[in-house]
Amino acid sequence: MARIFPFRAYRYSEKAGPLGNLITQPYDKITPEMRTRYLALSPYNLVRVILGERFDADNDTDNVYTRAACHFADWTKSGILAQEPVPALFTYVQRFRVPDTGEELERQGFIGLGAVEDYSEGVVHRHEHTLSGPKKDRRELLRHVHAHFGQIFMLYPDPKGEIDALLAKTAQAPPLAEVTDELGTENRLWKITDPAQIEAIRAAMASKKLLIADGHHRYETALAFRNENPQLEDAGKVMMTFVNMHSPGLRILATHRLVNGIDTGRLLNTAGTAFKVIDCGTPADLLRIWDKPEPGKIRVGVAVAGSDRIRLIERERASGELDVEFLHKRILDEVLGIGEDAVRNE
């Protein structure tokens, strides 16, 4: 069963300044240029905690992780970050445009704490393997700050939309906070403190299975931190955003993998002996092909540096087979010889 908990979140106070100057994209999407821009926006921008600057003079007592812990401690002590007075869940709504089509969608979910479960328990499910480097970095940050600064994106099944209906009631009032990020996504937040509403959501979620849509590295970091800190009760929980997988505001875009230092001719020739390889033309041609779903087929587009032609690797889908699994096992591993260890270590 999915165990959900309200919590006393820390939120930026008015002392911190405009919310648009304080937020960032997730840590793994932040480029050096983005970090520089975030740092210039405000001395309290969250990038100083989640992905601070590294310096040649860093040592065991003064480094990116110790500085993150100092920022967090200073901000909570000075009231830049203020803790909610009572435990709450939060309705969270995002309005955004789909990158491929420009279609405007709205996605509704809620933020709460979720119990950290071993995959073997059958409650939390993953769809990708993780890399050792990012997990080492995130665990070191968590060891220093003992706090989570971003939510894991979790999907749950609710075809009747019962939980969405509960959340919609809470979103009728003016939002607690709202901000539009640099990608044009509108983010709005409402607080749920009524015990009856919280219990109704928890009860409705109790029978659900959870699928990690995004945040595998952070989830496994939380899992490892829980295991190494059994004396910390709250180490067994992590902040999550829960979204109904039947929501009309969900879109699954293409999964990308960038590979260099390979013989591209060998890739296409070898793939051609095992799978169907189609010269489909330009990226626009590939998108037109993908616009017509073929659930019974695995389809992987291949773009080669120095060429404007796109190839499409295609094969009938085995029962339960996932596209990303095919990409990693059959293409990266078997055709290119890039095994799981090499992928994990980047």
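It should be noted that the structure appears before, not after, this text.
Residues numbered from 1 in each chain as written. Predicted model: local features only at pLDDT ≥ 70, side-chain atom pairs only at ≥ 80, totals over all residues. Heavy atoms only, no water.

## A short note on the packing of helix α3 (residues 64-78) against helix α4 (residues 132-145)
Phase 1 of the analysis: With their axes 9 Å apart at the nearest point, α3 and α4 run at an angle of 40° to one another. It follows that α3 is oblique to α4 by the angle criterion. Where α3 crosses over α4, the two elements pack in a sense that is right-handed. Along its contact with α3, which presents Y65, T66, A68, A69 and F72, the element α4 presents D137, E140, L141, H144 and V145.
Phase 2 of the analysis: Taken together, the residues of the contact of α3 with α4 sort by class into 6 nonpolar, 2 polar and 2 charged. (Axes fitted to C-alpha atoms, helices over the stretch in contact; angles between N-to-C directions. Helix = DSSP H or I, 4+ residues; strand = E, 2+ residues; numbered from the N terminus. Parallel < 35°, antiparallel > 145°, perpendicular 65-115°, else oblique. Left-handed = near helix turned anticlockwise from the far one by under 90°. Contact = heavy atoms within 4.5 Å. Nonpolar A, V, L, I, M, F, W, Y, C, P; charged D, E, K, R; others polar.)

## Considering the pattern of salt bridges
Phase 1 of the analysis: The tally for this structure, following the rule as stated, stands at 30 salt bridges.
Phase 2 of the analysis: Measuring nitrogen to oxygen at the nearest pair gives 3.1 Å for the salt bridge that ties E117 to R3. Residue E117 is found in the loop between β5 (104-115) and β6 (124-125), and its partner R3 is found in the segment before β1 (4-5); the two are separated by 114 residues along the sequence.
Phase 3 of the analysis: Residue classification places E117 among the buried positions, given a relative accessible area of 10%.
Phase 4 of the analysis: You can call R3 partly exposed: its relative accessible area is 40%.
Phase 5 of the analysis: Across the pair E228 and R143 runs a salt bridge, and its minimum N-O distance is 2.9 Å. Here E228, found in helix α7 (residues 216-228), pairs with R143, found in helix α4; they are 85 residues apart in sequence, far enough to count as distant.
Phase 6 of the analysis: We classify R143 as partly exposed; its relative accessible area is 36%.
Phase 7 of the analysis: Residues joined in a network through salt bridges with shared partners are R95, E106, E186 and R188. (Salt bridge = Lys/Arg side-chain N within 4 Å of Asp/Glu carboxyl O. Buried < 20%, exposed > 50% of the residue type's maximum accessible area, 1.4 Å probe, protein only.)

## Some thoughts on the pairing of strand β9 (residues 186-192)
Phase 1 of the analysis: Of all 7 residues in β9, 5 are buried; the element is thus mostly enclosed.
Phase 2 of the analysis: Pairing of strand β4 (residues 89-97) with β9, which is carried by 7 bridges, proceeds in the antiparallel orientation. Looking at the pairing, R95 lines up with E186 of β9.
Phase 3 of the analysis: Relative to β9, strand β8 (residues 177-180) runs antiparallel, the two sharing 4 bridges. Across the sheet, T180 pairs through a bridge with E186, a residue of β9.
Phase 4 of the analysis: The turn linking β8 back onto β9 is made up of 5 residues, and G184 within it adopts a positive phi angle of 85°. (Pairing = 2+ DSSP bridges.)

## Points about the nonpolar core
The tendency in soluble globular proteins is for nonpolar side chains to be buried as a group.
Phase 1 of the analysis: Among the nonpolar cores identified, the biggest contains 24 residues, and F110, M154, M205, L210, Y219 and F242 are the most heavily contacted of them.
Phase 2 of the analysis: If you list the elements that add at least two residues to this core, you get β7 (152-156), α5 (162-170), α6 (195-205), β10 (210-214), α7 and β11 (237-244).
Phase 3 of the analysis: The contacts of L210, once residues within four sequence positions are left out, are A2, V123, V124, H125, M154, L155, Y156, M205 and F242.
Phase 4 of the analysis: Grouped together as the second largest cluster of nonpolar side chains are 23 residues, V49, L51, A68 and L81 included. (Core = buried A, V, L, I, M, F, W, Y, C linked by side-chain atoms within 4.5 Å.)

## Points about empty space enclosed by the protein
Phase 1 of the analysis: For the structure on display, the rule yields 2 cavities of 30 Å³ or more.
Phase 2 of the analysis: Size it by volume and the largest cavity reaches roughly 60 Å³.
Phase 3 of the analysis: Surrounding the largest cavity, V49, I50, L51, G52, R54, V64, Y65, D137, R138 and L141 form its lining.
Phase 4 of the analysis: For the lining of the largest cavity, the secondary structure elements donating two or more residues are α2 (47-50), α3 and α4. (1 Å grid on protein atoms, 1.4 Å probe; cavity = no way out; pocket = protein on both sides within 12 Å on 5 of 7 lines; lining within 4 Å. Points joined across faces, edges and corners; volume = space filled by probe spheres on them.)

## Examining α4
Phase 1 of the analysis: Compared with the 20 Å implied by 1.5 Å per residue over 14 residues, the 20 Å span of α4 between its first and last C-alpha is a close match.
Phase 2 of the analysis: Among the residues of α4, P134, D137, R138, L141, L142 and V145 are the ones counted as buried. Projection of α4 onto a plane perpendicular to its axis shows the buried side chains occupying an angular sector of 135°, all on one side.
Phase 3 of the analysis: For α4, the elements touching its buried residues are α2, α3 and α7.
Phase 4 of the analysis: Of the residues one or two after α4, H146 is the one with positive phi, at around 50°. (Expected span 1.5 Å × (residues − 1). Arc of directions from axis to C-beta.)

## Focus on the pairing of strand β13 (residues 297-303)
Phase 1 of the analysis: Inspection of the sheet shows β13 paired to strand β14 (residues 310-316) by 7 bridges, in the antiparallel sense. Within β14, the position partnered with A303 by the bridge is I310.

## What about unusual backbone geometry?
Backbone geometry follows two general trends: most residues other than glycine have a negative phi, and most peptide bonds adopt the trans configuration.
Phase 1 of the analysis: Phi at H146 is positive, roughly 50°, even though this residue is not glycine.
Phase 2 of the analysis: Residue position: H146 is located in the loop between α4 and β7.

## Quick word on the side chain of H216
Phase 1 of the analysis: Looking at where H216 falls in the secondary structure, it is placed in helix α7.
Phase 2 of the analysis: Assessed through its relative accessible area of 1%, H216 is described here as buried.
Phase 3 of the analysis: Residue contacts for H216: discarding those within four places in its chain leaves R126, H127, E128 and T130.

## Quick word on the sheet that holds β14
Phase 1 of the analysis: Spatial ordering of the open sheet is given by β12-β14-β13, a layout of 3 strands whose pairing is antiparallel. Single-partner strands in this sheet number two, and they are β12 (276-281) and β13. Across the sheet, the mean angle from the axis of one strand to that of its neighbour is 25°, orientation sign disregarded.
Phase 2 of the analysis: In this fold helix α8 (residues 264-274) packs onto β12, β13 and β14, with an angle of close to 125° to the strand it touches most, β12.

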